[in-house]
Amino acid sequence: MAVVRRERAKPHEGPRLIGDRIFNLTTFSLALSILLLLAGLTIALIYDSYPAIRQFGLHFLVSTDWDPVNEQYGALPFIYGTFVSSFIALIVAVPLSLGVALCLSEMAPEWLGHRLGFLVDLLAAIPSVVYGLWAVFVMGPWLRDHVEPPLAAWLGFLPFFQGPKVAVGMLSAGMILAIMIIPYISSVCTDVFRVVPQSQREAALALGATKWEMVRTAVIPYGMTGVIGAIIVGLGRALGETIAVAMVIGNSAQISASLFKPSATLASVIANEFAEATSDMYVAALIELGLVLLILCIALNVVARALVLGVQQRRYHETGK
Amino acid sequence: MAAGVSILHGETSYRYRKFKSDSMMAITVGATILTLIPLFLVLGYLLFKGFSSLNWAFFTHMPAPVGEKGGGMANAIVGTLEVVGIASLMGVPIGVGAGLYLAANRARQFTNWVRFSADVLMGVPSIVIGIFAYAIVVRPFGGFSALAGSVALAAMMVPLVARTTEEMVLLVPPELREASLALGVPNWRTTLSVVARTALSGIATGVILAIARVAGETAPLLFTAFGNRFWSTSLFHPINTLTVQVYTYAISPFQDWQRQAWAGAVVLTGIILTLELGVRWVTGGGTKTPR
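Residues numbered from 1 in each chain as written. Chains lettered and ligands numbered in written order. Predicted model: local features only at pLDDT ≥ 70, side-chain atom pairs only at ≥ 80, totals over all residues. Heavy atoms only, no water.

The next point concerns the overall build of chain B. On a plain count of helices and strands, chain B comes out with 12 helices and zero strands. When the helices and strands of chain B are read in sequence order from the N terminus, they spell out α-α-α-α-α-α-α-α-α-α-α-α. Radius of gyration (C-alpha) of chain B: 25 Å, far over the 19 Å computed for a compact globule of 291 residues. Principal axes of the C-alpha set define a box for chain B whose edges measure 80 × 65 × 35 Å. A buried classification covers 56% of the 291 residues belonging to chain B. Where the 20 positive side-chain charges of chain B centre and where its 12 negative ones centre are 2 Å apart. (Helix = DSSP H or I, 4+ residues; strand = E, 2+ residues; numbered from the N terminus. Rg over C-alpha atoms; globule rule 2.2 N^0.38 Å. Buried < 20%, exposed > 50% of the residue type's maximum accessible area, 1.4 Å probe, protein only. Lys, Arg positive; Asp, Glu negative; His and termini not counted. Charge placed at Lys NZ, Arg CZ, Asp CG, Glu CD.)

Written out as structure tokens, the structure reads:
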């Protein structure tokens, strides 16, 4: 930059300066467009959902009525469905992802670890609609025949495991979400564990720790914020995942404790009803659901970013010493 | 140090601790195997169901009328190429330009805001991007269109491409840039023909991975490109894409359509995995796109 600034003083270098100006202005406006994209996205959603916001106010968030025929709209069944399906996904995905991450970073030799990591990353590349297709025809019926009956038999006294055993429903949605978010969580966790300093591990081993004690006392606490960040990234994915969930959740705007029953999420109801929404208020209500989803995801992103950034800065300070 | 304490006090025998350690480590291996099972199951079913459903008609014929057997997804294949192609024409230049800016102006507060926006945009659910495209293209133009679908996908590509471009440009040694500037090459030419060119393979990798990512998207296309059972290449009409076609066929009650959904899924996954694997194989597996 200093070189350019010195040249700016020479009047006969004019054309060159113009080239730089044009280039800087172009790349600046392209960068600005990213900022405008996010702002425009938020503004467009608020603007288009304004009729519903004005009509229902905050009641929209707590009302359980979703009745397009009578123009009554409430988001609670979908907020509930979104959180419960994501929660099931996290319960299944987090322990597995941690296991995968520890296996890849602590157990497997480097060449194998990288190849297995690559295979896990492949899971993230498979399109959502393909997961949905597989879930509809393979996973859903399998859950119905081999998972739901034993759950109902052993844990049937709990309200979660009562109700009809069908292939589509909250449990199917949570399971397919779990499969879809494992690669994201495990990939970030593996990266986090790989940057734990070797000296940390050696210190634990020198004190006589076994491998697991070393992991528990030196590796996991050191990477804890990164792990939490990874879980939040996974949660963000689960909240926003649309097509696979829309295909297996059954699409029913009801709140029920039973995990076997059909339900719906914010994203799945938009996918299912948007193209068929007839009245302006219906469209506005669906867009307001999108706005709720957007706000949830932005909030999660900010938190995750703060946490992951904290890890990176700590890493930077320590290597900088 | 819990481990140290337990050794000093001799609370637990070494054999027990060793056993516990080995079992925990075995559990991590088990978790990895358990995680890879769905991968192999999904791919296995795709190969098994998809390839047996694939035939020549699938690539060359139009969808058959409702209830009739046969037909293919020729229009959806062309539609996917068109929508993704136009999205790339819009998204890649913006993304690369923005990435060059981010890498060149790291100290500015504005850069931090742009980088933050890009990261947030990458976390925004694709269906929300679809609503955005609906609001700015479908509604003003008065109908579902291929263009609206492309805008939605382009909006998803921009932050991905911008962030990978930035990362790749930062890998270029500053000495190269200084050498070029010292020879009197103007800044813009240095950036384009020395810095960007050195980072070209990395940038191209990022672009291809972004294309692979959006080619598998269904949600933002449902109410932008919408789908179309007839032939269309027009930018201003609804157009069929592979993902939307697979979605509609998968949830349909007709067995022949479900069979074709598998065929569509195997073609779609084939394209995407070829792009992802091909690029990683060429670059040695080191490149990851930000998610």
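Resuming the write-up.
Here we come to the pattern of salt bridges. Applying the stated criterion to the full structure yields 12 salt bridges over all chains. Between Arg144 of chain A and Asp145 of chain A there is a salt bridge; the shortest N-O distance is 3.2 Å. Judged by its relative accessible area of 43%, Asp145 of chain A is partly exposed. Between Arg115 of chain B and Glu166 of chain B there is a salt bridge; the shortest N-O distance is 2.9 Å. In this pair, Arg115 of chain B sits in helix H5 (residues 109-123) while Glu166 of chain B sits in helix H7 (residues 146-170), placing the two residues 51 residues apart along the sequence. (Salt bridge = Lys/Arg side-chain N within 4 Å of Asp/Glu carboxyl O.)

A word on the packing of aromatic side chains. Summed over the entire model, instances satisfying the criterion amount to 21 aromatic pairs over all chains. Seen from their ring centres, Phe137 of chain A and Trp262 of chain B are 6.2 Å apart, and the 45° between their planes marks the pair as tilted. One end of the pair, Phe137 of chain A, is in helix H6 (residues 128-155); the other, Trp262 of chain B, is in helix H12 (residues 255-283), on a second chain. With a relative accessible area of 27%, Phe137 of chain A lands in the partly exposed category. The class of Trp262 of chain B is buried, set by a relative accessible area of 3%. Between Trp113 of chain B and Phe116 of chain B, the ring centres sit 6.1 Å apart and the planes meet at 90°, which makes this aromatic pair edge-to-face. Of this pair, Trp113 of chain B and Phe116 of chain B both sit in helix H5, separated by three residues, roughly a single helical turn. Grouped by ring-pair contacts, the aromatic residues Phe56, Phe60, Trp66, Tyr73, Phe78 and Tyr282 of chain A constitute a single cluster. (Phe/Tyr/Trp six-rings, centres within 6.5 Å; stacked < 30°, edge-to-face > 60°.)

In this section: the environment of Thr191 of chain B. With respect to the helices, strands and loops of the structure, Thr191 of chain B is situated in helix H9 (residues 187-198). Sequence separation of Thr191 of chain B and Ile239 of chain B is 48 residues, and the distance between their C-alpha atoms is 39 Å. Leave out the neighbours within four places in its chain, and Thr191 of chain B touches Phe23 of chain A together with Leu100, Arg177 and Ala196 of chain B. (Contact = heavy atoms within 4.5 Å.)

Moving on to the interface of chain B and chain A. Contact with chain B, which involves 87 residues of that partner, is made by 84 residues of chain A. Counting across the chain B and chain A interface gives two salt bridges. Taken together, the links from chain B to chain A amount to nine residue pairs in polar contact (both at pLDDT 80 or more). No other element matches helix H2 (residues 14-53) of chain B, which puts 21 residues into the side of chain B that touches chain A. Residue composition of the side of chain B that touches chain A, grouped by class: 62 nonpolar, 16 polar and nine charged. (Polar contact = N/O pair within 3.5 Å; in protein donor to acceptor, adjacent residues only side chain to side chain. Nonpolar A, V, L, I, M, F, W, Y, C, P; charged D, E, K, R; others polar.)

Now for the side chain of Thr218 of chain B. Among the structural elements, Thr218 of chain B can be located in the loop between helix H10 (200-215) and helix H11 (242-250). Accessibility expressed as a relative area gives 2% for Thr218 of chain B, which makes it buried. Apart from the residues within four sequence positions on either side, Thr218 of chain B is in contact with Val129 and Ile243 of chain A together with Thr243, Val244 and Tyr247 of chain B.

Nothing here speaks to function; it is all geometry.
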